[in-house]
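Coordinate inspection notes
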Amino acid sequence: MTANDTRIYLSSGSPRRREILEQLGMHLERIHADIDESVRAGESAVAYTERLALSKAEAGWQVVESCGLPSRPLLAADTTVAMDGEIFGKPENADDARRMLRAFSGRSHQAITSVALREGDKVRLKTSVTEVFFRPLSEQDIERYLDSGEPFDKAGAYGIQGKAGVFVERIHGSHSGVMGLPIFETAALLGEFGFQFP
């Protein structure tokens with residue numbers, strides 16, 4: 001990697017992650033790699049999120065090697081929403097999304113994002129945990145949000161960067177981490193691989 005080379009692989013289909021990395025000046029090549037995202041018995045939300053980020057990085061790196069692509073860092077990430085020890089993934093349907101949003105109403109929950117960076121045998125991981133406080137939600141709030149279509153591809157059935165931003169009273173932690181890629185931790189990881197910011 002040359003001093004001004006900002007090319008990395010991104011093992012994620014998330015448009016938010018792409019946008020954040022591009023804001024940092026990175027040039028991305030998407031790598032598609034599927035993994036099993038099942039939760040293991042007794043696994044904590046943080047352990048689960050970190051395992052998935054590392055697994056995505058491993059699977060992505062196998063694609064790089066098997067395709068004979070040039071060696072450059074590969075970034076993978078995973079975001080999990082948790083409350084009271086329960087992991088809230090992407091909702092299976094509207095009823096599941098309602099259940100999640102009702103659970104968060106008037107309470108706080110954690111948005112956990114782990115970021116893994118890999119090149120060859122060098123692997124680094126950082127995790128951001130943010131406390132998110134929702135205002136009380138009425139049934140009308142929830143139904144209008146479901147009608148928007150936003151909840152169905154997002155962990156915890158909401159996106160802070162979209163219409164659900166009006167539900168968030170405050171956060172303690174990283175706003176970009178709740179979106180899916182914590183800027184501070186990501187820049188620190190990239191710095192360990194020779195990238196410089198700003």
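Residues numbered from 1 in each chain as written. Predicted model: local features only at pLDDT ≥ 70, side-chain atom pairs only at ≥ 80, totals over all residues. Heavy atoms only, no water.

**Thoughts on the UniProt feature "site: Important for substrate specificity" (unreviewed entry) in the chain**
Threshold: UniProt positions are given in the numbering used here, feature names are shortened, and annotations may be inferred rather than shown by experiment. Numbering goes from the N terminus for both helices and strands, where a helix is a DSSP run of H or I of at least four residues and a strand is a run of E of at least two. Only protein chains enter the calculation, and the probe is 1.4 Å; a residue is then buried if its accessible area is under 20% of its type maximum, exposed if over 50%, and partly exposed in between. Note on contacts: a residue pair qualifies if any of its non-hydrogen atoms lie within 4.5 Å across the two residues.
Mapped onto this numbering, the UniProt entry annotates "site: Important for substrate specificity" (unreviewed entry) at Arg16, Thr79 and Gln161. Considering the C-alpha atoms alone, the annotated residues occupy 146 residues of sequence yet fold into one spot, their largest mutual distance being 14.3 Å. For arginine 16, the position within the fold is in helix H1 (residues 15–23). Judged by relative accessible area, arginine 16 falls into the partly exposed class, the value being 29%. Leave out the neighbours within four places in its chain, and arginine 16 touches Gln161 and Met179. Assignment of secondary structure puts glutamine 161 in the loop between helix H4 (139–148) and strand E7 (168–172). Once residues lying within four places of it in the same chain are set aside, the contact partners of glutamine 161 are Arg16, Lys154 and Met179.

**Quick word on the pairing of strand E2 (residues 27–30)**
Rules: One requirement defines pairing of two strands: DSSP has to find at least two bridges between them. Think of it like this: strands point away, you trace from the first strand over the helix to the second, and a clockwise trace means the crossover is right-handed.
Bridge count for strand E1 (residues 7–10) against E2 is 4 bridges, and the pairing is parallel. Residue pairing for E2: isoleucine 8 is matched across the bridge by leucine 28. In the classification by handedness, the crossover that spans E1, the intervening H1 and the parallel E2 is right-handed.

**Focus on the environment of leucine 125**
Tracing the sequence through the fold places leucine 125 in strand E6 (residues 122–134). Leucine 125 sits in the partly exposed class, given a relative accessible area of 30%. Spatially, the C-alpha atom of leucine 125 lies 31 Å from that of aspartate 96, the residues being 29 residues apart in sequence. Each residue touching leucine 125, except ones within four places of it in the same chain, is listed here: Glu50, Ala53, Leu54, Ser114, Val115, Ala116 and Leu189.

**Remarks on the pattern of salt bridges**
Heads up, the condition is: Salt bridges are defined by distance alone: a side-chain nitrogen of Lys or Arg within 4 Å of a carboxyl oxygen of Asp or Glu.
The full count for this structure, using the stated rule, is 19 salt bridges. With a shortest N-O distance of 3.4 Å, glutamate 22 and arginine 18 are connected by a salt bridge. Taken as a pair, glutamate 22 and arginine 18 lie in helix H1 at a separation of 4 residues, close to a single helical turn. You can call arginine 18 partly exposed: its relative accessible area is 28%. Aspartate 96 serves as the salt-bridge partner of arginine 99, at 3.0 Å between the closest nitrogen and oxygen. Of the two residues, arginine 99 and aspartate 96 both sit in helix H3 (residues 94–104), 3 residues apart, roughly one turn of that helix. You can call aspartate 96 buried: its relative accessible area is 13%. What emerges from the salt-bridge pattern is a single network uniting Glu86, Asp96 and Arg99.

**Quick notes on helix H2 (residues 45–66)**
Under the convention used in this document: For a helix, the expected span equals 1.5 Å multiplied by the number of residues minus one.
Between its first and last C-alpha, H2 extends 31 Å over 22 residues, near the 32 Å set by a 1.5 Å rise per residue. Those residues of H2 not exposed but buried are Ala45, Tyr48, Thr49, Arg51, Leu52, Ala53, Lys56, Ala57, Ala59, Gly60, Trp61 and Val64. Buried residues belonging to H2 abut E1, strand E3 (74–83), strand E4 (86–88), strand E5 (108–119) and E6. Phi for glycine 68, located one or two positions after H2, is positive at around 65 degrees.

**As for the packing of aromatic side chains**
Rules: Two aromatic rings, drawn from Phe, Tyr or Trp (for Trp, its six-membered ring), form a pair once their centres lie within 6.5 Å of each other, and the interplanar angle then sorts them: stacked below 30 degrees, edge-to-face above 60, tilted otherwise. Here, a charge over a ring is recorded when the distance from Lys NZ or Arg CZ to the ring centre is within 6 Å and its angle to the ring normal is within 35 degrees.
Throughout the structure, instances matching the rule amount to 6 aromatic pairs. Ring centres 5.5 Å apart and planes at 80 degrees place the aromatic pair tyrosine 145 and phenylalanine 167 in the edge-to-face group. Of this pair, tyrosine 145 sits in helix H4 while phenylalanine 167 is found in the loop between H4 and E7, placing the two residues 22 residues apart along the sequence. Overall, the relative accessible area of 2% leaves tyrosine 145 in the buried class. Looking at phenylalanine 167, the relative accessible area reads 4%, which means it is buried. Cation over ring: lysine 122 sits above phenylalanine 193, and NZ or CZ is 4.3 Å from the ring centre. The ring of phenylalanine 133 has arginine 170 lying over it, and the distance from NZ or CZ to the ring centre is 3.9 Å.

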